[in-house]
Amino acid sequence: MLDLQPGEHESLDSLIGDWNIFQLRRGHRFSTDDLVCAWRASSASPQGRRLLDIGSGIGSVGLSTLFRMGAEATLETIEAQEVSYDLARRTVALNGLSDRVTLHHGDLRDATVLRPDARFDVITGSPPYIPEGKGVMSPIPQRAGARMELRGSVYDYCAAARRWLAPGGLFTFVMTAQDPRTEDAPVQHDLVVVERWDYVFAAKRVPHITTLVCARAEDDPPPRRSGSLVIRGMDGQWTDDYLAFRQQMGSPRTLVEGKPA
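Residues numbered from 1 in each chain as written. Predicted model: local features only at pLDDT ≥ 70, side-chain atom pairs only at ≥ 80, totals over all residues. Heavy atoms only, no water.

Colleague: Break down the packing of helix α1 (residues 32-44) against helix α7 (residues 240-248) for me, with residues and values.
Modeller: Relative orientation of the contacting elements α1 and α7 amounts to 70°, with a least axis distance of 11 Å. Viewed along their axes, α1 and α7 adopt a mutual orientation that is roughly perpendicular. Contact residues: α1 offers Thr32, Leu35, Val36 and Trp39, while α7 offers Tyr242, Phe245 and Gln248. Class assignment of the residues belonging to the contact of α1 with α7 gives a composition of 5 nonpolar, 2 polar and no charged. (Axes fitted to C-alpha atoms, helices over the stretch in contact; angles between N-to-C directions. Helix = DSSP H or I, 4+ residues; strand = E, 2+ residues; numbered from the N terminus. Parallel < 35°, antiparallel > 145°, perpendicular 65-115°, else oblique. Contact = heavy atoms within 4.5 Å. Nonpolar A, V, L, I, M, F, W, Y, C, P; charged D, E, K, R; others polar.)

As structure tokens, this is what we get:
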């Protein structure tokens, strides 16, 4: 039986709406990156019912997307790290989602991790963004795996999405905004970017992260659209647009000591 209480080195935190999530206190924890990915994926495919989250980690992207897609939507996830997979299993059980969520412990680069006919309307992903051998690797394996490209890069995520995307389906991923691979990876796998949103963490700075929504090239995708979200204004405070986004994602709009509650 799964333990539905946080352990000594874990926390149980609010994720979205009334759903909670298990996280390691000093491991990889969900962030704005995950929420904006779920936001754009659910906004681009509001009628999607078959969801897949690849490289799903502790489940934050996939579950946040599922929350916004209606009671008939189902989710499958693929995660290689055992510690993250186990945390996600407990989160699913805690929130009473076992009949809607199927978790797969495996590598997204392995085509056999899902059944041969598996196809999905909505696929999401949050690829690691630091090539192996560059940057400083965290001594915490779970955190290192979420940031360093130890099991593939954005190219592998696009390849997996292309493999499992249903006709008319959309793949949404979050990646660093200034990395040229962010735009190149979909092209290399016959995907067309139909939406790009950039996220500016502080006014007057260049965008730090971006979300791309991609369609299969043969699906006659619509013209590309774009948008942006500034998180902190010139005064250093959360912008109204960011607070509105938080409200859409099931977080309170109110402020406590200058920060969202």
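Now, onward.
Colleague: Please provide a residue-by-residue account of the side chain of Ser42, values included.
Modeller: The residue Ser42 is located in helix α1 in this model. Among the polar contacts made by the side chain of Ser42, one reaches the main-chain carbonyl oxygen of Trp39 at a distance of 3.1 Å. (Polar contact = N/O pair within 3.5 Å; in protein donor to acceptor, adjacent residues only side chain to side chain.)

Colleague: An account of the packing of aromatic side chains is needed here, citing residue identities and associated values.
Modeller: Evaluated as defined, the whole model comprises 6 aromatic pairs. A centroid spacing of 5.3 Å and a plane angle of 25° characterise the contact between Phe171 and Phe173, whose relative ring orientation is stacked. One aromatic cluster is present, formed by Trp39, Trp197, Trp238, Tyr242 and Phe245 through successive ring pairs. Positioned above the aromatic ring of Phe22 is the side chain of Arg90, whose terminal nitrogen or guanidinium carbon lies 4.2 Å from the ring centre. Sitting over the ring of Trp164, Arg163 keeps its end group 4.7 Å from the ring centre. (Phe/Tyr/Trp six-rings, centres within 6.5 Å; stacked < 30°, edge-to-face > 60°. Lys NZ or Arg CZ within 6 Å of the ring centre and 35° of its normal.)

Colleague: I'd like to hear about the state of the cysteines, residue by residue, with values.
Modeller: Applying the stated rule across the entire model yields 0 disulfides. As a non-bridged cysteine, Cys37 has Cys214 as the owner of its nearest cysteine sulfur, 10 Å distant. Left without a disulfide partner, Cys214 is nearest to the cysteine sulfur of Cys158, which lies 5.9 Å away. On the basis of relative accessible area, Cys214 is assigned to the buried category, the value being 0%. (Disulfide = S-S within 2.5 Å. Buried < 20%, exposed > 50% of the residue type's maximum accessible area, 1.4 Å probe, protein only.)

Colleague: Got a sec to walk through the pairing of strand β4 (residues 74-79)? Specific residues and values, please.
Modeller: For β4, the buried fraction is high: 5 of the 6 residues fall into the buried class. Bridge count between strand β3 (residues 50-54) and β4: 5 bridges; the pairing is parallel. When the sheet's bridge partners are listed, Leu52 is paired in β4 with Glu76. Assessed by its sense of winding, the connection that carries the chain from β3 through helix α2 (residues 60-67) to β4 is right-handed. Bridge count between β4 and strand β5 (residues 101-105): 5 bridges; the pairing is parallel. (Pairing = 2+ DSSP bridges. Right-handed = clockwise from strand over helix to strand, strands pointing away.)

Colleague: Give me the side chain of Ser45: which residues, what numbers.
Modeller: Within the fold, Ser45 resides in the loop between α1 and β3. The residues contacting Ser45, other than those within four sequence positions of it, are Met69, Asp121, Val122 and Leu170.

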